[in-house]
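# Coordinate analysis (summary)
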Amino acid sequence: LTPLEIFLAGSIAKALATILTYPIQLAQSRQRSGRGRGGHGSTPKPDHSSTSRPPPQHNNMFTVLYYVYSKEGIKGLFSGIETKLLQTVLMAAFHFLCYEQIKNIIFYLLKPSK
């Protein structure tokens, strides 16, 4: 494979993996931080209106995903993915490219001479 093909293969693989797993990462991040929704680690702000209910507890990832989807829609499940794609896709593409180039250099240097 050419260096460009290696770079593109790494980019495509990481982009697909990031898109498929991003909602899970988002849910885990929101669950860890609480995000003001009653999760562990959050400090709810006092609300003095008589009709308000406390935010739901997020006991597992699926309830977080459902909550985000019900409040923000499919767009909410992928909010912030642009930055994550830029970060991870470039890193993976350069990683694949450097790995293959270094591997080729090492194989060339270790090739027995005739």
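Our subject is the structure listed above.
Nothing here was measured: the structure is a model prediction, and the numbers come from that model. (Residues numbered from 1 in each chain as written. Predicted model: local features only at pLDDT ≥ 70, side-chain atom pairs only at ≥ 80, totals over all residues. Heavy atoms only, no water.)

### Notes on the overall build of the protein chain
Counted only if it meets this: Numbering of helices and strands runs from the N terminus, with a helix taken as a DSSP run of H or I at least four residues long and a strand as a DSSP run of E at least two residues long. Think of it in three bands: residues with accessible area under 20% of the maximum for their type are buried, residues over 50% are exposed, and the middle band is partly exposed, with areas taken using a 1.4 Å probe on protein chains only. A contact between two residues is defined here by any heavy atoms of the two lying within 4.5 Å.
Helices and strands together make up the secondary structure of the protein chain, namely three helices and zero strands. Mapped in sequence order, the helices and strands of the protein chain form the string α-α-α. A total of 114 residues make up the protein chain; the buried ones form 24% of that total. Counted over contacts in the protein chain with a minimum sequence separation of 6, partners at least 24 positions apart contribute 70%.

### Quick look at the side chain of Thr88
Inspection of the secondary structure assignment puts Thr88 in helix H3 (residues 81-110). Each residue touching Thr88, except ones within four places of it in the same chain, is listed here: Lys14 and Thr18.

### Concerning the packing of aromatic side chains
Pairs of aromatic rings are described using the distance from one ring centre to the other and the angle between the two planes. The test is simple: Ring pairs shown here join Phe, Tyr and Trp side chains whose ring centres sit within 6.5 Å, with only the six-membered ring taken for Trp; geometry is labelled stacked below 30 degrees between planes, edge-to-face above 60, and tilted in between.
The final tally for this structure, using the stated rule, is one aromatic pair. Look at Phe7 and Phe94: their rings are 5.1 Å apart centre to centre, the planes differ by 70°, and that puts the pair in the edge-to-face class. Separated by 87 residues along the polypeptide, Phe7 in helix H1 (residues 3-33) and Phe94 in helix H3 bring together distant segments of the chain. The class for Phe7 is partly exposed, based on a relative accessible area of 21%.

### What about a nonpolar patch on the surface?
Selection rule: Nonpolar side chains (Val, Leu, Ile, Met, Phe, Trp, Tyr) within 5 Å and like charges within 9 Å form the patches, drawn only from residues with over 30% relative accessible area and no salt bridge. The method behind every accessible area is Shrake-Rupley, applied with a 1.4 Å probe, and residues are considered shielded solely by the protein chains displayed. Here, a salt bridge means any Lys or Arg side-chain nitrogen found within 4 Å of an Asp or Glu carboxyl oxygen.
There is a patch of nonpolar side chains on the surface, built from Ile102, Ile105, Ile106, Phe107, Tyr108, Leu109 and Leu110 and spanning about 830 Å² of accessible area. Of note, Phe107 is situated in helix H3. For Phe107, a relative accessible area of 54% corresponds to the exposed category.

### Regarding the nonpolar core
Under the convention used in this document: Here, nonpolar core refers to any group of buried Ala, Val, Leu, Ile, Met, Phe, Trp, Tyr and Cys residues whose side-chain atoms link them within 4.5 Å.
Of all hydrophobic cores here, the largest spans seven residues; its members are Tyr22, Leu26, Ala27, Val64, Val68, Leu77 and Ile81. Elements with a contribution of two residues or more to this core: H1 and helix H2 (61-77).

### Considering the packing of H1 against H2
Cut-off, in case you're wondering: Helix axes are fitted only over the stretch in contact, all axes being lines through C-alpha atoms; the angle between N-to-C directions runs from 0 to 180 degrees. Handedness of each helix crossing follows the sense of rotation of the near helix against the far helix: counterclockwise by less than a right angle gives left-handed, clockwise gives right-handed. Charged residues are taken to be Asp, Glu, Lys and Arg, nonpolar residues to be Ala, Val, Leu, Ile, Met, Phe, Trp, Tyr, Cys and Pro, and polar residues to be all remaining types, Gly included.
The contact between H1 and H2 brings their axes to 10 Å, and the two run at 115°. Relative to H2, the crossing made by H1 is right-handed. Listed contacts from H2 to Tyr22, Pro23, Ile24, Leu26, Ala27, Arg30 and Gln31 of H1 are Met61, Val64, Leu65, Val68, Glu72, Gly76 and Leu77. Tallied by class, the residues present in the contact of H1 with H2 amount to ten nonpolar, two polar and two charged.

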